[in-house]
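# Topology and contacts: notes
Here is what each chain is made of, one letter per residue.
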Amino acid sequence: MINELTATQIESYHEHGFLVVEGFFDDVELEMWRQCVDAAVADRLGGSVEHLTNQGDPQAFYARVFTQCLRLADTNDAVRGLVYDPRLGKLTSDLIGAEGIRVWHDQALIKPPHGNPTAWHLDVPYWSFDSRDAISFWVALDDATLENGCMWYIPGSHKTARFDNSVGIGHNVGELFNLYPEWRDIDPVPVPCPAGSIVWHNGLCAHGAGANMTNKYRRAMTCAFMPDGSCFNGKRNILPQDLFESLEIGDLLGNDEQNPLVWHNSWQ
Ligand SMILES: O=C(O)CCC(=O)C(=O)O
Ligand SMILES: [Fe+2]
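What you see is a predicted model, and the numbers here were worked out from it, not measured in a lab.

Turning to the overall build of the chain, a few remarks are in order. The number of helices and strands found in the chain is six helices and 11 strands. Relative to its length of 268 residues, the chain is compact, with a C-alpha radius of gyration of 17 Å against a globular reference of 18 Å. With the C-alpha coordinates aligned to their principal axes, the bounding extent of the chain is approximately 45 × 45 × 40 Å. Counting all 268 residues of the chain, 42% fall into the buried class. Within the chain, counting contacts between residues at least 6 apart in sequence, those at least 24 apart form 83% of the total.

The next point concerns the confidence of the model for the chain. This prediction gives the chain a mean pLDDT of 94; 95% of its residues lie at or above 70. pLDDT under 50 marks residues 48-53. Its contacts with residues more than four places away, or in other chains, come to eight contacts.

Before going further, it helps to spend a moment on the pairing of strand 5 (residues 135-140). With six of six residues buried, strand 5 is to be regarded as a mostly interior element. Going residue by residue along strand 5, you find Ile 135, Phe 137 and Val 139 tucked away on one face and Ser 136, Trp 138 and Ala 140 tucked away on the opposite face as well. Pairing geometry for strand 5 and strand 8 (residues 198-202), over five bridges, is antiparallel. The residue bridging Phe 137 from the neighbouring strand is Trp 200, located in strand 8. Pairing geometry for strand 5 and strand 10 (residues 218-227), over six bridges, is antiparallel. When the sheet's bridge partners are listed, Ser 136 is paired in strand 10 with Ala 224.

What follows is about unusual backbone geometry. We note that Arg 71 has phi near 50°; this positive angle belongs to a residue other than glycine. Look at Asn 237: it is not a glycine, yet its phi comes out positive at around 45°. Summarising the element assignment, Asn 237 is placed in the loop between strand 10 and helix 6 (241-246).

What surrounds ligand 1 is the set Phe 66, Leu 109, Lys 111, Thr 118, Asp 123, Ser 136, Trp 138, His 207, Ala 209, Ala 220 and Thr 222. Those elements that provide at least two residues to the shell around ligand 1 are strand 3 (100-111), strand 5, strand 9 (207-209) and strand 10. Broken down by class, the residue content of the shell around ligand 1 amounts to five nonpolar, four polar and two charged.

The next point concerns the sheet that holds strand 7 (residues 189-191). Pairing in this open sheet of four strands is antiparallel, and the strands run 4-9-6-7 from one edge to the other. One side of each edge strand has no neighbouring strand; the edge strands of this open sheet are strand 4 (118-121) and strand 7. Each strand of the sheet is rotated relative to its neighbour by a mean of 25°, with strand direction disregarded. Strand direction decides the pairing type here: strand 6 (residues 151-153) and strand 7, joined by three bridges, are antiparallel. Within the sheet, the bridge partner assigned to Trp 152 lies in strand 7 and is Pro 190.

So, about helix 2 (residues 27-46). Since the α-helix advances by 3.6 residues per turn, residues separated by three or four positions end up pointing in the same direction. A rise of 1.5 Å per residue sets the reference length of helix 2, with its 20 residues, at 28 Å; its end C-alpha atoms lie 28 Å apart and thus fit the reference within 8%. Where helix 2 is concerned, the buried positions are Leu 30, Trp 33, Cys 36, Val 37, Ala 40, Val 41 and Arg 44. In an axial view of helix 2, the angular spread of the buried residues amounts to 140°, which keeps them on one side of the axis. For helix 2, exposure combined with an orientation more than 90 degrees from the buried face picks out Asp 27, Val 28, Gln 35, Ala 42 and Gly 46. Its buried side turned inward, helix 2 meets strand 2 (67-70), helix 3 (77-83), strand 3, strand 5 and strand 10.

As a further point, take helix 4 (residues 86-96). Extensive coverage of helix 4 is indicated by the burial of eight of its 11 residues. Where the residues of helix 4 are buried, they touch helix 1 (7-16), strand 3, strand 5, strand 8, strand 10 and strand 11 (261-264).

On to the environment of Trp 183. Relative to the helices and strands, Trp 183 resides in the loop between helix 5 (176-179) and strand 7. In the structure, Trp 183 is positioned 95 residues away from Leu 88 in sequence and 31 Å away in space, judged by C-alpha atoms. Other than its neighbours up to four places away in sequence, Trp 183 contacts Ile 154, Ser 157, Phe 177 and Ala 206.

Relative to the helices and strands, Trp 127 is located in the loop between strand 4 and strand 5. When the C-alpha positions of Trp 127 and Asp 77 are compared, they lie 25 Å apart, and in sequence the two are 50 residues distant. Sequence-distant contacts of Trp 127, that is, excluding residues within four places in its chain, are made with Trp 104, Ala 134, Lys 235 and Asn 237.

It is worth spelling out the pairing of strand 3 at this point. Of all the 12 residues making up strand 3, 11 are buried; the element is thus mostly covered by neighbouring parts of the structure. Pairing analysis gives 10 bridges linking strand 3 to strand 10, with the strands arranged antiparallel. Within strand 10, the position partnered with Gln 107 by the bridge is Thr 222.

Definitions and limits used
- Residues numbered from 1 in each chain as written.
- Chains lettered and ligands numbered in written order.
- Predicted model: local features only at pLDDT ≥ 70, side-chain atom pairs only at ≥ 80, totals over all residues.
- Helix = DSSP H or I, 4+ residues; strand = E, 2+ residues; numbered from the N terminus.
- Rg over C-alpha atoms; globule rule 2.2 N^0.38 Å.
- Buried ≥ 20, exposed ≤ 12 C-beta atoms within 10 Å, placed from the backbone.
- Contact = placed C-beta atoms within 7 Å.
- pLDDT = per-residue confidence, 0-100.
- Pairing = 2+ DSSP bridges.
- Near = placed C-beta within 6 Å.
- Nonpolar A, V, L, I, M, F, W, Y, C, P; charged D, E, K, R; others polar.
- Axes fitted to C-alpha atoms, helices over the stretch in contact; angles between N-to-C directions.
- Expected span 1.5 Å × (residues − 1).
- Arc of directions from axis to C-beta.

The structure is reproduced here in structure tokens:
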């Protein structure tokens, strides 16, 4: 694992809203990520459907965008060890200049062979906190290519995005641009990258992914984080009902089970 980011990389992240680091994991680490995520996904798919958001109707459009397994780290210690690794947490925290970061959710996103595109969207407007510094990492477990649905970004869109508005990941790939017509003039940037690469993005940077035109899976493992100190905005999203009901708007989201701290500067 690369253990430092350069000032140029950090600057580029803030300017564009995303950063790719190719070859972030070495071959041994990549194999470990693949095995652990594959096993956790197989376990989840074969077990309770509690966390599956899109498995109801296999013919439905969304079920063919990706198989989405949320919060695998809650039920799989091996995935937890990889995704909550404090070294990765420190890099992610450094990237946004936070004192510390807390997990929002991890998720495996596996675009199936001949899978549908991931429509353009923003992440933060779905979530239970408003932050201009929410950040996700997206680890390529397979080569991500223009052919199989690599990520795409609207560079700089995080600077003008709003919290109140996003669109679902639906049939119309470009629906987001009805909300943000000013982004129609910005050239989208594809981020093809070899397996073992990592892509970070700001949760307010518009992003999507192409269709998978190939007959192979496009596997990715992701995790979203909030800066430590983020507050509840009234949206439930993935908060458990009892926690949701206990919160008032403006309360700190500091529950160590729901939103574990993966890095704090006081730890070094
Ligand atoms: O992997 C994809 O197709 C979409 C990923 C995404 O939207 C995210 O990580 O926020
Ligand atoms: Fe997203």
